[in-house]
Amino acid sequence: MTTTMIGSACKAAVAVTITGSLFAGSAQAQLAGHNVILVHGFQQEDLANPPENLQAVKAAGEDYWRTFWLARSEARVDWGSDGRIEGNIAQQAYQQIRQISQQGLCNNYCIIVSHSTGDLVTRYLLENQARWLQSEGLAPLKILAAIDYSGAGGGTELADLALSIAYNDSWYNWPLKAAVQAFTGIEPEPGKLGVVNDLQTNAARNLAISPNAIPRLRFVAGGSSYGGVTKPFIAGTDDGVVPTHSACGSTTADGIESCSDQISLAGKVTNQNGPDGLWFNHFPILMNEGASHSGVLGSETGNTSVPVVNNTTLNGLRLDFASRTYNQRAWWQWWGSGDTYIEVPGSDQTDMSTLVYTTLNN
């Protein structure tokens, strides 16, 4: 089961103070003194209207991150969701990492920030980028760590359903079709699902699985997306798109409740159905029961984050989120101290991206 690190006492300060927006500038586009590379997630618009060229792909990639991370990055790896990871996506990605290498942006190490399917794309890049670049006499990118929001590296059952519906479009499958169309944005057809093929749970879990020395820091959501229509079809808890087993980095696709066997997504200290094991160098850092799949990128407040792996240093990157442990009685509990909870104090006053950036950038 997952080892959970819980602070025994509160930190004195609130985790984060919301500050004004940052102005453009090289120093402000870094995290903990390192340049940031962004790798976006699945964009369903690409299935309905495939991008004409890399310029169109990059324009969509820029819009994807505009809420928070765009102004805090030095480079992006953009890709079209109408392609496959080992095909067009790899070709598009290589053109961009080649330029990053030529510019020397990662000479002092970079931090990758990914979202959703960007987690799977990042894993493929980390496994192959050194070989690709060295074949042209270029220096491999030096990557300190990857920050993965709602990571889909373990796939999602919605992709399994999408391929099933594409080959069995029966009228009685209408509840499944509604969930799949919410996820893909199209009526699934064979040959038109692009990267959704790679997001099938078995396919994702067999793509670029060689271990490496780069820590993958996992930030996990548990809210709703698409009005909740997708939730009944995803194993275990989920954020409406990605199951918790994928976001945590679990070694199996079994439905689980939490990244920890001791703490729920809401922070309650109690026995949980957690992962039996995690992929090498994957660390669930924060969980947030209320945040949605896209809300982790800076658009949602009012949700409490829960520390899992904390007060540690990974590859030189210090993780020291504030934590508070407290007891709370439900309205029907008339005796006893109630249930024990752990939280990042003040995290409900900000969004997860701001919380992560502010804490790691200290």
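Keep in mind it's a predicted model, so treat the numbers as computed, not measured. Each chain has its residues counted from 1, running along the sequence as written. Thresholds applied to this predicted model are a pLDDT of at least 70 for local features of residues and 80 or more for the giving and counting of side-chain atom pairs; totals over whole chains, interfaces and linings are not thresholded and use all residues. To obtain the side-chain values, all non-hydrogen atoms of the structure were included, while hydrogens and water were left out.

Just to check I follow, could you spell out the nonpolar core for this structure?
Considering soluble globular proteins, one finds that nonpolar side chains tend to be buried as a cluster. Core analysis: the largest hydrophobic core is formed by 95 residues, its most contacted members being I37, W69, I147, Y149, F219 and F321. Throughout, a contact is declared for two residues whenever any of their heavy atoms are within 4.5 Å. Non-local contacts of I147, meaning those with residues more than four positions away in its chain, are made with L31, I111, I112, V113, S114, L217, F219, V356 and L360. Residues grouped as a nonpolar core are buried Ala, Val, Leu, Ile, Met, Phe, Trp, Tyr and Cys residues, joined through side-chain atoms within 4.5 Å. Burial status follows relative accessibility: with a 1.4 Å probe on protein chains alone, a residue under 20% of its type maximum counts as buried, one over 50% as exposed, and anything between as partly exposed.

Explain the pattern of salt bridges here, please?
Oppositely charged side chains are able to pair whenever their charged atoms sit close together. Salt bridges are identified by distance alone: a Lys or Arg side-chain nitrogen within 4 Å of an Asp or Glu carboxyl oxygen. Across all of its chains, the model carries 14 salt bridges by this definition. A salt bridge links R76 to D78; the nearest nitrogen and oxygen atoms lie 2.9 Å apart. A relative accessible area of 16% means that R76 is categorised as buried. Across the salt bridge formed by K268 and D339, the nearest N and O atoms sit 3.5 Å from each other. Separated by 71 residues along the polypeptide, K268 in the loop between α8 (244-248) and β7 (282-288) and D339 in strand β12 (residues 339-343) bring together distant segments of the chain. Three or more residues joined by partner-sharing salt bridges are found here, namely D119, D148, R216 and R218. By definition, any uninterrupted DSSP run of H or I lasting at least four residues is a helix, any uninterrupted run of E lasting at least two residues is a strand, and each is numbered from the N terminus.

When you look at the packing of helix α5 (residues 157-167) against helix α6 (residues 174-184) in this model, what are you seeing that I'm missing?
In a packed pair of helices, the relevant descriptors are the angle between the two axes and the axis-to-axis distance. Helix axes are fitted to C-alpha atoms over the stretch in contact, other axes to C-alpha atoms as well, and angles between N-to-C directions run from 0 to 180 degrees. Following both chains from N to C, one finds α5 and α6 inclined at 115°, their axes separated by 9 Å at the closest point. In this view, α5 runs roughly perpendicular relative to α6, as classed from their interaxial angle. α5 and α6 meet at a crossing whose hand is left-handed. Only L176, K177, V180, F183 and T184 of α6 make contact with α5, whose side of the interface consists of L158, A159, L161, A162 and I165. Each residue gets one of three labels, nonpolar for Ala, Val, Leu, Ile, Met, Phe, Trp, Tyr, Cys and Pro, charged for Asp, Glu, Lys and Arg, and polar for the others, Gly among them. In terms of residue class, the contact of α5 with α6 is built from eight nonpolar, one polar and one charged. Any angle that is under 35 degrees is reported as roughly parallel, and any over 145 degrees as roughly antiparallel; angles of 65 to 115 degrees are reported as roughly perpendicular and all others as oblique. A crossing counts as left-handed when the near helix is turned anticlockwise from the far one by less than a right angle, and as right-handed when that turn is clockwise.

Help me out: how do you make sense of the packing of helix α3 (residues 85-103) against helix α4 (residues 118-134) in this one?
At a closest axis distance of 10 Å, the pairing of α3 and α4 adopts a crossing angle of 60°. Here α3 lies oblique to α4, going by the angle between them. Seen along the crossing, α3 lies across α4 with a hand that is right-handed. Contacts between α3 and α4 pair I85, E86, I89, A90, A93, Y94, I97, R98 and S101 from the former with L120, V121, Y124, L125, Q129, W132 and L133 from the latter. For the contact of α3 with α4, the residue count by class is 12 nonpolar, two polar and two charged.

Where do I start with the side chain of S250 in this structure?
Position of S250 relative to the elements: it lies in the loop between α8 and β7. Throughout this description, a polar contact denotes any pair of N or O atoms lying within 3.5 Å of each other; where both atoms belong to protein, one of them has to be capable of donating a hydrogen while the other can accept it, and for residues adjacent in sequence the pair is counted only when both atoms sit in side chains. Polar contacts involving the side chain of S250 include one to the main-chain carbonyl oxygen of T252, which spans 3.1 Å. Residues contacting S250, with those up to four places away along its chain left out, are R205, H245, I256, P275, G277, L278 and W279.

I'm lost on the packing of aromatic side chains in this one. Help?
How two aromatic rings sit relative to each other is given by the distance of their centres and the angle of their planes. Think of it this way: a Phe, Tyr or Trp ring, Trp meaning its six-membered ring, pairs with another when their centres are within 6.5 Å, and the plane angle makes it stacked under 30 degrees, edge-to-face over 60, tilted otherwise. Considering all chains together, one arrives at 10 aromatic pairs under this definition. Seen in terms of ring centroids, F42 and F183 are 5.4 Å apart; in terms of plane orientation they differ by 45°. Their pairing is tilted. Residue F42 is found in the loop between β2 (34-39) and α1 (45-48), and its partner F183 is found in helix α6; the two are separated by 141 residues along the sequence. A relative accessible area of 13% places F42 in the buried class.

Just to check I follow, could you spell out unusual backbone geometry for this structure?
In most cases, non-glycine residues show a negative phi, while peptide bonds are predominantly trans. Here A32, not a glycine, exhibits a phi torsion of approximately 55°, which is positive. Structurally, the position occupied by A32 is in the loop between β1 (30-31) and β2. Judged by relative accessible area, A32 falls into the partly exposed class, the value being 29%. The phi dihedral of A208 is positive, around 50°, even though this residue is not glycine. Topologically, A208 is positioned in the loop between α7 (201-204) and β6 (216-221). Note on A208: relative accessible area 9%, which makes it buried.

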